[in-house]
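Here is what each chain is made of, one letter per residue.
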Amino acid sequence: MNVSEALEARRSIRYFEDKQVPEETLRAIVKDAQWAPSWANAQPWKVYIATGDLARKIRESHLQNAQRGLRGRSDIETGHRTDWGRKAYNNMGHWSDDLQGYLGMSVREFPMSQAELFDAPAIAYLTMHQDSPEWSIYDMGAFGQSLMLAAKERGVDSMAAYEIVKYPEAIRKFLPIPQDEAIVMGIALGYADGRKINGFRSDREPLENVLTIANK
Ligand SMILES: Cc1cc2nc3c(=O)[nH]c(=O)nc-3n(C[C@H](O)[C@H](O)[C@H](O)COP(=O)(O)O)c2cc1C
């Protein structure tokens, strides 16, 4: 699979099979992702991956927090949808309508997948130093996407989600993530199960909306 194929084949998987990703595969995926570019090669990222019994305990704790309606408070602040500007705001609305339309009677699969943390057999937490400058987020994004493409290339599906990092204090109870590291993003890794939601394909804006090439 080349990069273009991996870019197109990757999609968010919201329910995983009960099947572990081999540790050597996880190591290889993160090693590949380390080739991501970063400011002056700062490589601000660290990765903590919970698997097996630990991943199960984290999922159970997440479900309990979600069921009692605990408000999410990620280390990276979440803005309001309107802060993203009209274009992004409209795209978010379109995505949401599209997904709900696709799910139809199975619409509950979405909130359930969130509360159940996608039944993920492996959960990767991407962290960086708490006081990193804003530019580091660019590096973290490049790293995250590289990780998901490397996973896809190795036959492993992925799910990047705020949902995974919305209860950082609970995560720190299970993993040795110091307070001076911000838990920036979570990526679930595993193998897609047959649930309807996994068949959803989000679309993209026409290229003309996104790209300007100028020569004068
Ligand atoms: C920063 C970020 C946070 C996200 N958070 C969630 C989330 O909490 N729950 C979820 O189901 N999807 C989440 N997603 C997945 C997006 O909805 C998804 O990437 C987008 O709709 C495009 O679909 P695709 O990944 O299938 O191409 C997140 C994606 C990113 C990049």
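Notes on the structure in this doc start here. (Residues numbered from 1 in each chain as written. Predicted model: local features only at pLDDT ≥ 70, side-chain atom pairs only at ≥ 80, totals over all residues. Heavy atoms only, no water.)

### A word on the overall build of the chain
The secondary structure content of the chain amounts to eight helices and four strands. Computed over its C-alpha atoms, the radius of gyration of the chain comes to 18 Å, within 12% of the 17 Å expected for a compact globule of 216 residues. Taken along its principal axes, the extent of the C-alpha atoms in the chain is 60 × 50 × 35 Å. In the chain, which comprises 216 residues, the proportion classed as buried is 41%. (Helix = DSSP H or I, 4+ residues; strand = E, 2+ residues; numbered from the N terminus. Rg over C-alpha atoms; globule rule 2.2 N^0.38 Å. Buried < 20%, exposed > 50% of the residue type's maximum accessible area, 1.4 Å probe, protein only.)

### Describing the side chain of Glu109
Checked against the element boundaries, Glu109 lands in helix 5 (residues 109-115). One buried charge, Glu109, has no salt-bridge partner; the nearest side chain with opposite charge is Arg195, at 5.6 Å. Of note is the side chain of Glu109, whose polar atom sits 3.4 Å from the backbone nitrogen of Lys196. If sequence neighbours within four positions are ignored, Glu109 has contacts with Tyr15, Leu103, Arg195, Lys196 and Ile197. (Lys, Arg positive; Asp, Glu negative; His and termini not counted. Salt bridge = Lys/Arg side-chain N within 4 Å of Asp/Glu carboxyl O. Polar contact = N/O pair within 3.5 Å; in protein donor to acceptor, adjacent residues only side chain to side chain. Contact = heavy atoms within 4.5 Å.)

### Considerations on unusual backbone geometry
Within the chain, Gln43 stands out as a residue other than glycine whose phi angle is a positive 45 degrees. With respect to the helices and strands, Gln43 occurs in the loop between helix 2 (23-33) and strand 1 (46-51). Positive phi is not limited to glycine here, since Asp119 has a value of about 55 degrees. Secondary-structure assignment places Asp119 in the loop between helix 5 and strand 2 (122-129).

### Details of the packing of helix 2 against helix 6 (residues 135-153)
Here helix 2 crosses helix 6 at 135 degrees, and the two axes come no closer than 8 Å. For the element pair helix 2 / helix 6, the angle class is oblique. Along this stretch, helix 2 crosses helix 6, giving a crossing that reads as right-handed. Together, Ile29, Val30, Asp32 and Ala33 of helix 2 and Phe143, Ser146, Leu147, Ala150 and Ala151 of helix 6 make up the contact between the two elements. Residue classes in the contact of helix 2 with helix 6 are distributed as seven nonpolar, one polar and one charged. (Axes fitted to C-alpha atoms, helices over the stretch in contact; angles between N-to-C directions. Parallel < 35°, antiparallel > 145°, perpendicular 65-115°, else oblique. Left-handed = near helix turned anticlockwise from the far one by under 90°. Nonpolar A, V, L, I, M, F, W, Y, C, P; charged D, E, K, R; others polar.)

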